[in-house]
Amino acid sequence: MTFGRGLRALSIASAVLITGAFALVFFYAPNDADQGFIQKIFYVHVPLAIVALCGFVAGGVFAIRHLRSGDRADDLRSYVAIHISLVLAVGVLITGSIWARAAWGHWWVWDEPTLVSFLIVFLLYACYQPLRFSIEDPERQARYASVFAIVAGAFVPLNFMAVRMAESLTHPRVLSTTGGAMPGDMRLTFLVALVGMACLFVTLWKYELASKSASIQLRSLKRRLAGDAGLAPLARSAAPQEL
Amino acid sequence: MELRAFESVPAMLMFSVSTFVLFHFGLDRGSLAGDLAAGVLWVTLLLAAVLGMNRLFVAEHEQGGFDGFLMAPVDRTALFVAKALVLFCFLVAVELVALPAFAVLLLEPGPGQALPELLAVVVLADAGIAVVGTLIGALGVQTRARDLIVPLMALPLLVPVVIAASEASAPLFEAGGADPFPGRWLMVLALYDAVFALLAYAVFDFLLEE
């Protein structure tokens, strides 16, 4: 199985797009009238958040494919997608906190439904790795992790809806983050940043897949050469270790 | 099954009542009303439910009941439905005592005239907790760190239930009873129940294959 196809083109594309997005952010997009320079963190924060959430849902989709076909490569895809999304989600929480501090004066604001629902989703997915780690049988680990990924993937939109409803009773939506009210040059910058981030995600995802599958293949080749006796036993891991 | 209920239900009940006492001292209030009362009640019931879902599949796991079930000529979904019903009944049994205890210990106005609405909220919320709890219990029972994994997974998943249930029951605990009952929170609970029931129905089979 080769996961490395098209990696070079993807890497170049995401490098160009991310650099271009940052150039646009600093030299093209105007400073926000109310918030000034700090508003530019928005071009990192929001694409990160969107890509992370899409990554979580994609993890669920691959998990469905894994359960339907039993193909272990799909489990690997689901695992890597969720893993990278988790890393991005940490970035989302940190950049969001910085922005909230600058814009509203508090590191954390419970009134903002997007923040709260993202935190809940993050907490849920933070259990994904411990769950995998605590199941030893690799086949069962893959199956259970897929079930979890599907349930959590479906939970993402439901949770956003519930939290948004809870808050909108008392708090009108003040800040429409992806709203149509954005002026043209800001929107262009935002779109480039979003596409760049998505591209970066796919690139990282493919790199991780290629690396994981390469080490799995290497191990099976070694086993063929030296037999089971010649191999160091695998350390227990949350990551899939067979294909 | 009923024999095992004697293991979980009293524990859940003791836990709920102790938590009410804890809240009394933690909040330093003699009585609660409105959204504070609703929040205390639902957080307590949810944590008690986590105790129940932790134990839900333990006997099957330890005594090999899963293998026996897989050999029996019945649909695998039957086990899910049965277990969810059991958890639901556990919750109802706990609430039969915990809700009056809550009313006596902490609730100030008393939910006298709003009882039917409160019952609707309780039933819908219990259904949601039972469905999600059964799924998480089945996921968690095969892991090495069951006691850690189950609450970690269940609590974020059940946040919408807590939101909807406490928003729906907050006006019922209000002193004047002035606020209209927000029926749309019942809709949210029903939708949550339906989505997770379908989801659990779809994926539960995969948790049983050996």
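Residues numbered from 1 in each chain as written. Chains lettered and ligands numbered in written order. Predicted model: local features only at pLDDT ≥ 70, side-chain atom pairs only at ≥ 80, totals over all residues.

**Student:** Describe the overall build of chain A, and please don't skip the residues or the numbers.
**Tutor:** The helix and strand tally for chain A stands at 7 helices and 0 strands. The order of α-helices and β-strands along chain A, N terminus first, is α-α-α-α-α-α-α. Taken across its 243 residues, chain A has 38% of its residues classed as buried. For chain A, long-range pairs separated by at least 24 residues make up 80% of all intrachain contacts whose partners lie at least 6 apart in sequence. (Helix = DSSP H or I, 4+ residues; strand = E, 2+ residues; numbered from the N terminus. Buried ≥ 20, exposed ≤ 12 C-beta atoms within 10 Å, placed from the backbone. Contact = placed C-beta atoms within 7 Å.)

**Student:** Can you lay out the overall build of chain B for me, pointing to particular residues and giving the numbers?
**Tutor:** Looking only at helices and strands, chain B has 9 helices and 0 strands in total. When its helices and strands are written in sequence order, chain B yields α-α-α-α-α-α-α-α-α. Counting all 210 residues of chain B, 45% fall into the buried class. A sequence separation of at least 24 residues applies to 85% of the contacts in chain B between residues at least 6 apart.

**Student:** Describe the packing of helix 2 (residues 34-55) of chain B against helix 5 (residues 76-105) of chain B, naming the residues involved and giving the relevant values.
**Tutor:** All names here are of chain B. Contact pair helix 2 / helix 5: the axes reach a minimum separation of 11 Å and the direction vectors enclose 145 degrees. By crossing handedness, the relation of helix 2 to helix 5 is classed as right-handed. Across the interface between the two elements, Leu 41, Leu 45, Ala 48, Ala 49, Gly 52 and Met 53 of helix 2 pack against Leu 87, Phe 90, Leu 91, Val 94, Glu 95, Ala 98 and Phe 102 of helix 5. Classifying every residue of the contact of helix 2 with helix 5 gives 11 nonpolar, 1 polar and 1 charged. (Axes fitted to C-alpha atoms, helices over the stretch in contact; angles between N-to-C directions. Left-handed = near helix turned anticlockwise from the far one by under 90°. Nonpolar A, V, L, I, M, F, W, Y, C, P; charged D, E, K, R; others polar.)

**Student:** An account of helix 2 (residues 42-69) of chain A is requested, with residue identities and associated values reported.
**Tutor:** All names here are of chain A. The end-to-end C-alpha distance of helix 2, which contains 28 residues, comes to 40 Å, matching closely the 40 Å that a straight helix rising 1.5 Å per residue would cover. Among the 28 residues of helix 2, 20 are classified as buried, and the element is accordingly described as predominantly covered. Downstream of helix 2 by one or two residues, Gly 70 has phi in the positive range, about 75 degrees. (Expected span 1.5 Å × (residues − 1).)

**Student:** So, helix 5 of chain B: which residues are in play, and what are the values?
**Tutor:** Residue and element names in this part refer to chain B. For helix 5, which comprises 30 residues, the first-to-last C-alpha distance of 43 Å matches the rise-based estimate of 44 Å (1.5 Å per residue) to within 8%. The sharpest bend along helix 5 comes to roughly 35 degrees, located at Glu 95. Residues of helix 5 that are buried include every one of Leu 79, Phe 80, Lys 83, Ala 84, Leu 87, Phe 90, Leu 91, Val 94, Glu 95, Ala 98 and Phe 102, and no others. (Bend = angle between axes of the 7 residues up to and from the residue.)

**Student:** With reference to specific residues and values, describe the environment of B:Leu51.
**Tutor:** Mapped onto the fold, B:Leu51 is located in helix 2. The exposure class assigned to B:Leu51 is buried, which follows from the 21 C-beta atoms found within 10 Å.

**Student:** Go over the environment of A:Gly6 with me, naming the residues and quoting the values.
**Tutor:** Here A:Gly6 lies in the segment before helix 1 (7-28). Along the chain, A:Gly6 and A:Phe42 lie 36 residues apart, while their C-alpha atoms are 30 Å from each other.

**Student:** I'd like a description of the interface of chain A and chain B, backed by residues and values.
**Tutor:** Each partner contributes residues to the interface: chain A has 24 residues there, and chain B has 23 residues. Contributions of two or more residues to the side of chain A that touches chain B are made by helix 4 (113-125), helix 5 (128-133) and helix 6 (138-168) of chain A. In terms of residues, the side of chain A that touches chain B owes the most to one element, helix 6 of chain A, which gives 15 residues. Among the residues forming the side of chain A that touches chain B, the class breakdown is 20 nonpolar, 2 polar and 2 charged.

**Student:** Which residues make up the environment of B:Trp185, and what values go with them?
**Tutor:** Of note, B:Trp185 is situated in helix 9 (residues 183-203). When residues no more than four places from it in sequence are discounted, the contact partners of B:Trp185 are B:Ala164, B:Glu167 and B:Ala168.

**Student:** Tell me about the nonpolar core, and name the residues and values.
**Tutor:** Here is a general trend for soluble globular proteins: nonpolar side chains tend to be buried in one another's company. Ranked by size, the top nonpolar core spans 134 residues in total, and within it A:Phe148 and B:Ala164 carry the most contacts. If sequence neighbours within four positions are ignored, B:Ala164 has contacts with A:Ala162, B:Trp185, B:Val188, B:Leu189 and B:Tyr192. (Core = buried A, V, L, I, M, F, W, Y, C linked by C-beta atoms within 7 Å.)

**Student:** If you had to explain the packing of helix 8 (residues 159-169) of chain B against helix 9 of chain B to someone new, which residues and values would you point to?
**Tutor:** Residue and element names in this part refer to chain B. At a minimum axis distance of 9 Å, the contact between helix 8 and helix 9 shows a crossing angle of 155 degrees. Taken as axis vectors, helix 8 and helix 9 run roughly antiparallel relative to one another. In this structure, helix 8 crosses over helix 9, and the sense of that crossing is left-handed. Taking contact as the criterion, the partners of Pro 160, Val 161, Ala 164, Ala 165, Glu 167 and Ala 168 in helix 8 are, on helix 9, Trp 185, Leu 186, Val 188, Leu 189 and Tyr 192. Its residues assigned to classes, the contact of helix 8 with helix 9 shows 10 nonpolar, no polar and 1 charged. (Parallel < 35°, antiparallel > 145°, perpendicular 65-115°, else oblique.)

**Student:** Pulling in residues and values, what's your account of the confidence of the model for chain A?
**Tutor:** Residue and element names in this part refer to chain A. In the predicted model, chain A carries a mean pLDDT of 81, and the fraction of residues at 70 or more is 88%. The element-level mean pLDDT for chain A is lowest in helix 6, coming to 81, with helix 2 highest at 89. In this model, residues 169-180 is a region of pLDDT below 50 whose contacts with residues beyond four sequence positions or in other chains number 5 contacts. (pLDDT = per-residue confidence, 0-100.)

**Student:** An account of the confidence of the model for chain B is needed here, citing residue identities and associated values.
**Tutor:** Averaged over all residues, the pLDDT of chain B is 81; the fraction at 70 or higher stands at 89%. The secondary structure element of chain B with the lowest average pLDDT is helix 4 (residues 65-71) of chain B, at 70, and the one with the highest is helix 6 (residues 115-141) of chain B, at 87.

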